[in-house]
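Structural overview for review
What follows is each chain in one-letter form.
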Amino acid sequence: METQAENRCFGGVQGVYTHASEVTGCEMTFGLFLPQEARDGPVPVLWYLSGLTCTHENAMVKAGAQGWAAEQGIALVFPDTSPRGAGVADDDAYDLGQGAGFYVNATQDPWKPHFRMWDYVAEELPALVAGAFAIDMERQAITGHSMGGHGALTVAMARAGQYKSVSAFAPICHPTASDWGRKQLKAYLGSDESTWARHDAALMMRAHGFDGPVLVDTGTSDQFLDLLKPEALAAAATARRQEATLRLQKGYDHSYFFVSSFMEDHIAFHAEALYA
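Residues numbered from 1 in each chain as written. Predicted model: local features only at pLDDT ≥ 70, side-chain atom pairs only at ≥ 80, totals over all residues. Heavy atoms only, no water.

**Thoughts on helix 2 (residues 65-72)**
- Those residues of helix 2 not exposed but buried are Ala65, Gln66, Gly67, Ala69 and Ala70.
- In this structure, the buried residues of helix 2 make contact with strand 1 (2-9), strand 2 (12-21), strand 3 (26-34), helix 1 (57-62), strand 5 (75-79) and helix 9 (256-274).
- One or two positions beyond helix 2, positive phi appears at glycine 73, with a value near 70°. (Buried < 20%, exposed > 50% of the residue type's maximum accessible area, 1.4 Å probe, protein only. Helix = DSSP H or I, 4+ residues; strand = E, 2+ residues; numbered from the N terminus. Contact = heavy atoms within 4.5 Å.)

So this is what it looks like as structure tokens:
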């Protein structure tokens, strides 16, 4: 692992690091904010999964998360959204290929050699971070925006016990029934739609739910609302009687202005679960 940058931030340190990933078969970059409490021992961690076209940097510089995390003594990890590099498959469309990993393990060519973002964010990167920094892996939570909200919800529900809480900002809730999902799931996983279900938050909510608190915010003026399908997740949570707070925020859109407006709420929500 190599340090690309470390900056003093709200009493802690915001770093950017690169490493050779065995899972994705290429060099990966991630951001990590460590609060000052990490000097004295391991701190809980909140994973932030970003959306389409993003890198590790978007949320790190736009979401306004570090100040609220510093108040709660929580580390933040900002992974990239896909493998990258000259030898990594890509597509001319913005919503497939590099920058659009969708947090799945691809089984189809040309994607399967590198596009294993599920294993990367849930297994390899946590192991790397735990071995190098003062992080308490017994106290993990996860959140994300848009495609990253899809990833956060599906990973959390599929990996029972790994995360104390899960939240999402404008997540893609029902990708098996959306143009933001069907195209990508078919490309990465193939035509057998039975393999898609574990990557659909609404279907996972009906089948498994989450053993802990759930918070989801979506703006009523989100320009992608028909693609996100928050009503599908709400119906699934209601049918399962899942502990959840699902909010529609009047007038907010899909931007980081929306994310930063409710970041304090989300970090406080996770802190309550992480310190319970």
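**A closer look at the nonpolar core**
- Of all hydrophobic cores here, the largest spans 87 residues; its most connected members are Phe30, Trp47, Ile135, Ile142, Leu153 and Tyr188.
- With eight residues, helix 9 is the single largest residue contributor to this core. (Core = buried A, V, L, I, M, F, W, Y, C linked by side-chain atoms within 4.5 Å.)

**Side note on the packing of aromatic side chains**
- A full pass over the atoms with the stated rule returns 11 aromatic pairs.
- Between tyrosine 252 and phenylalanine 262, the ring centres sit 4.9 Å apart and the planes meet at 70°, which makes this aromatic pair edge-to-face. Highlighted residues: tyrosine 252 in the loop between strand 9 (245-249) and helix 9 and phenylalanine 262 in helix 9, separated in sequence by 10 residues.
- Using a relative accessible area of 31% as the deciding quantity, one classes tyrosine 252 as partly exposed.
- An aromatic cluster is defined as three or more aromatic residues linked by ring pairs; in this entry it consists of Phe169, Tyr252, Phe258 and Phe262.
- Between arginine 198 and the ring centre of tryptophan 118, over which it is positioned, the NZ or CZ distance is 4.4 Å. (Phe/Tyr/Trp six-rings, centres within 6.5 Å; stacked < 30°, edge-to-face > 60°. Lys NZ or Arg CZ within 6 Å of the ring centre and 35° of its normal.)

**A few points about the pairing of strand 3**
- Within strand 3, eight of the nine residues are buried, which leaves it mostly tucked inside the rest of the structure.
- Alignment of strand 2 against strand 3, held across nine bridges, turns out to be antiparallel. Across the sheet, residue histidine 19 finds its bridge partner in strand 3, namely methionine 28.
- Remark: four residues form the turn of the hairpin made by strand 2 and strand 3, two consecutive strands paired antiparallel; glycine 25 in that turn has positive phi of roughly 70°.
- Relative to strand 5, strand 3 is paired through four bridges, and the arrangement is antiparallel. For phenylalanine 30, the partnering residue across the bridge sits in strand 5 and is proline 79. (Pairing = 2+ DSSP bridges.)

**Here's the deal with the environment of glutamate 6**
- Looking at where glutamate 6 falls in the secondary structure, it is placed in strand 1.
- Classification of glutamate 6 as partly exposed rests on a relative accessible area of 48%.
- Residues glutamate 6 and alanine 75, spaced 69 residues apart in sequence, show a C-alpha to C-alpha distance of 14 Å.
- Excluding anything up to four places from it in sequence, glutamate 6 contacts Val13, Gln14, Gly15 and Tyr17.

**What about unusual backbone geometry?**
- The residue after aspartate 109, namely proline 110, is reached through a cis peptide bond having omega 0°.
- In this fold, proline 110 is placed in the loop between strand 5 and helix 3 (117-132).
- Residues other than glycine seldom take positive phi values, yet phenylalanine 102 does so here, at roughly 60°.
- Using a relative accessible area of 0% as the deciding quantity, one classes phenylalanine 102 as buried.
- A positive phi angle is found at alanine 170, which is not glycine, with a value near 45°.

**Some points on the pattern of salt bridges**
- Under the defined criterion, the tally for this structure stands at eight salt bridges.
- Between arginine 84 and aspartate 80 there is a salt bridge; the shortest N-O distance is 2.7 Å.
- Residue arginine 84 is classed as partly exposed on the basis of its relative accessible area of 27%.
- Given the relative accessible area of 5%, aspartate 80 is considered buried.
- Between arginine 247 and aspartate 265 there is a salt bridge, and its shortest N-O distance comes to 3.1 Å. With a gap of 18 residues between them, arginine 247 in strand 9 and aspartate 265 in helix 9 connect regions that are remote in the sequence. (Salt bridge = Lys/Arg side-chain N within 4 Å of Asp/Glu carboxyl O.)

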